[in-house]
Each structure stands twice: as structure tokens, then as C-alpha cells.
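Analysis of the macromolecular model
This is what each chain is made of:
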Amino acid sequence: MQRIWVSRVLLASGALLLWPAARASASAPSPTELIAKADHALRGQTTAALLEMHIHTQSYDRNYSMLLWGDERGGTSRALIKILGPARWRGHGTLKIGGRLSLYDPSTDRITVLSGSMLADNWMGSHFSNDDLVKETELARDYTARVLKDWTAEVAGKPAVFHRILLSPTPRAPVAWDHIVFELYEQGGSVIPSREEYYQRQQQPAPTRMLTFDSVKTMGDRVVPTRLTVHVADKPSEFTELVYKQLRFDADVPESKFSEQELRR
């Protein structure tokens, strides 16, 4: 399976980038502000979630249930993921503290600390990378953003303002993509991501990888997409689907949750 590096999990020449006149309003959020809000749509200062993941490949179909805890407090991003099932994988875990990523295998009681290059590896045999699930990079920090297109459309019977935004990596950003095209929309005070397209070359006609967001619902006092699906171009019949079943923001998550002791528990 192709290694997927999503440097966020994820640009063409500046001559292509023109500011639409519609963005002239001083009150309108900037492209970078829109990207920051969309990139954090499923994250709070702390986050607790129950998720299901379905992986479909030519060789196998797998389903996992998992718990996720996240913490953005104190300037250091932390996350813990624990697999609940199936039984074969129960207890496997992933822990991120800043730039340090560790995997736990309960069958050997062994913790493996991953190097930076291993963030590109597929997580649990899925089309998501380790970086996708633990959010190693920040789109608003590691990319510059410019609007390609604005338009209006109805979503669930209500008007929404859509934006197609081109993301160019900053000179020192630890990313591997030439550019990302991000689609999102504003509706009722919410900024909701709808699609991310990842390109390896400037003149590439179609994305190498695409991440879509749908099944928008109210969870944890926010309107959020609850289903994320990733496809890769070289295996168009394959996909990985991640579904949020429960989600809480700013929950009481103790700092002790993000430890090797909890990873083993």
C-alpha cells in the first residue's frame, strides 16, 4: 500500500492565485482564519470521542471501534487512541505528545516510539496515516492560504457560502505535498470542511489523495461532519471510512491520560 504523508492530516504557482472581489469586505474572515476553523472543527481544547473505522481494500475488509482523547492545552498537542475491538486488536494504542508518537502492542507489552518519517505509515492497515489521526501539523500554520473560488449553495435546505482554497506550504513546513486544495463552507456561524485534495506536483490533473467530510450533525454543541472518507488515486476502489459515534468537546480529560501508563492500560 502506498505510503501516505498528510502533513495537515494535510500549490500551484502563485500566478494562479487571485483574490475574488467578494472577499473585499473587512468583516469577512481571511482564508487562513477559515482554514484554522475548519481544521479544528473536530477538536476542542480537550476532546473525547467514540469512533468506528471501516477499511476496504482488494485484500480485506476490517472494522474497528476505538476511543480517542485529545488535548490542545498548554501549547503541546497530545492524543491517545485505544482500540476497543475486534478482540484481536483490543488494547492496541497510539499516543502522541508533541512530535513524539508511540504505538503499543498488548500481545508483546511493547511500546514502539516512531521516528518522524514513520508518521507517513498507514495506521492499522488503513488509508489514514499516523499523522492523520494525531494531527502532527497545522494547516493554518504550515501553509499559506488563498481563495480560488467562492459560491453559494443550499446545504440541508439552508444557504451556505462555499470556499475553494489553495494551500501552499511555507518554506520550512515539514510537509510533503506540493499543494492542497481545501473546500469548506460557512453556515449559521459554523465553518465546516467538505473536501481536501492532495497533490504531489503543480501540474497534476487529479489529486493523489482525497479526504471527504459528510454526514453533518450536531455533536458536542457543535455542527460537525461525523464521517471522514479517504481515497487514493492509485487504488480507486479502496477507501477508509472514519465515523464519529459520540463526541465531546472541552471534556474533563486529565493530563495523566496522556502517558505510557494509560497507553498500556
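If you're wondering where the values come from, they're calculated on a predicted model, not measured in any experiment. (Residues numbered from 1 in each chain as written. Predicted model: local features only at pLDDT ≥ 70, side-chain atom pairs only at ≥ 80, totals over all residues. Heavy atoms only, no water.)

1. As for the overall build of the chain
Regarding its fold elements, the chain presents 4 helices and 13 strands. Split into buried and exposed, the 265 residues of the chain put 49% on the buried side. With an accessible surface of roughly 12,600 Å², the chain has 51% of that area assigned to carbon and sulfur atoms. (Helix = DSSP H or I, 4+ residues; strand = E, 2+ residues; numbered from the N terminus. Buried < 20%, exposed > 50% of the residue type's maximum accessible area, 1.4 Å probe, protein only. Areas by Shrake-Rupley, 256 points an atom, 1.4 Å probe, with all protein chains shown as cover.)

2. Examining the nonpolar core
Counting residues in hydrophobic clusters, the biggest one holds 40 residues, and the most contacted among them are Met53, Met66, Leu167 and Tyr244. The contacts of Met53, once residues within four sequence positions are left out, are Arg62, Asn63, Tyr64, Met66, Trp123, Met124, Ser126, Phe128, Thr240, Glu241 and Leu242. (Core = buried A, V, L, I, M, F, W, Y, C linked by side-chain atoms within 4.5 Å. Contact = heavy atoms within 4.5 Å.)

3. Digging into the environment of Val181
By the secondary structure assignment, Val181 is in strand E9 (residues 179-187). A relative accessible area of 5% places Val181 in the buried class. Sequence separation of Val181 and Arg146 is 35 residues, and the distance between their C-alpha atoms is 9.9 Å.

4. So, the packing of aromatic side chains
Counted under the stated rule, the structure contains 4 aromatic pairs. Aromatic pair Trp151 and Phe162: ring centres 5.3 Å apart, planes at 10 degrees, arrangement stacked. Highlighted residues: Trp151 in strand E7 (residues 143-155) and Phe162 in strand E8 (residues 158-169), separated in sequence by 11 residues. Residue Trp151 is classed as partly exposed on the basis of its relative accessible area of 26%. On the accessibility criterion, Phe162 (11% relative accessible area) is buried. Judged by centre distance (4.9 Å) and plane angle (35 degrees), the rings of Phe162 and Tyr185 are tilted. Of this pair, Phe162 sits in strand E8 while Tyr185 is found in strand E9, placing the two residues 23 residues apart along the sequence. Given the relative accessible area of 5%, Tyr185 is considered buried. (Phe/Tyr/Trp six-rings, centres within 6.5 Å; stacked < 30°, edge-to-face > 60°.)

5. Focus on the environment of Ala36
With respect to the helices and strands, the residue Ala36 is situated in helix H1 (residues 31-39). It is 9.4 Å that separates the C-alpha atoms of Ala36 and Val191, two residues lying 155 residues apart in sequence.

6. Some words on the pairing of E8
Two elements, E7 and E8, share 12 bridges in a ladder whose sense is antiparallel. Directly across from Lys149, in E8, lies its bridge partner Arg164. Hairpin remark: E7 followed by E8, antiparallel, with 2 residues in the connecting loop; positive phi at Ala156, about 55 degrees. Bridge count for E8 against E9 is 7 bridges, and the pairing is antiparallel. Bridging from a neighbouring strand, Phe162 pairs with Tyr185 of E9. (Pairing = 2+ DSSP bridges.)

7. As for the pairing of strand E6 (residues 110-114)
Bridge count between strand E5 (residues 100-105) and E6: 5 bridges; the pairing is antiparallel. If you follow Ser102 over to E6, its bridge partner there is Val113. Linking E5 back to E6 in an antiparallel pair, the connection comprises 4 residues, with Asp109 at a positive phi of about 55 degrees.

8. Here we look at the confidence of the model for the chain
Counting all residues, the mean pLDDT for the chain is 86, and 86% of those residues have values of 70 or more. Throughout residues 1-26 the model reports pLDDT below 50, and contacts reaching past four residues in sequence, or to other chains, amount to 102 contacts. (pLDDT = per-residue confidence, 0-100.)

9. Observations concerning H1
All buried positions along H1 are accounted for by Pro31, Leu34, Ile35, Ala38 and Asp39. Taken end-on, H1 shows its buried residues confined to a sector of 125 degrees, consistent with a single buried face. Where H1 is buried, its residues meet helix H3 (139-142), E7, E8, E9 and strand E10 (190-199). (Arc of directions from axis to C-beta.)

10. A word on the side chain of Glu197
Its place among the elements puts Glu197 in strand E10. Within the structure, Glu197 has its side chain in polar contact with the side chain of Arg164 (distance 3.1 Å). Excluding residues within four positions of it along the chain, Glu197 makes contact with Arg164, His179, Ile180, Val181, Pro207, Arg209 and Met210. (Polar contact = N/O pair within 3.5 Å; in protein donor to acceptor, adjacent residues only side chain to side chain.)

11. Some details on unusual backbone geometry
Here the amide bond leading from Gly85 into Pro86 is cis, since omega sits at 10 degrees, within 30 degrees of zero. As for its position among the elements, Pro86 is in the loop between strand E3 (78-85) and strand E4 (93-97). Positive phi, close to 55 degrees, is recorded for Met124, a residue that is not glycine. You can see Met124 is positioned in the loop between E6 and helix H2 (130-134). On the basis of relative accessibility, which here comes to 17%, the residue Met124 falls in the buried class. Not every positive phi belongs to a glycine, and Ala156 is a case in point at roughly 55 degrees.

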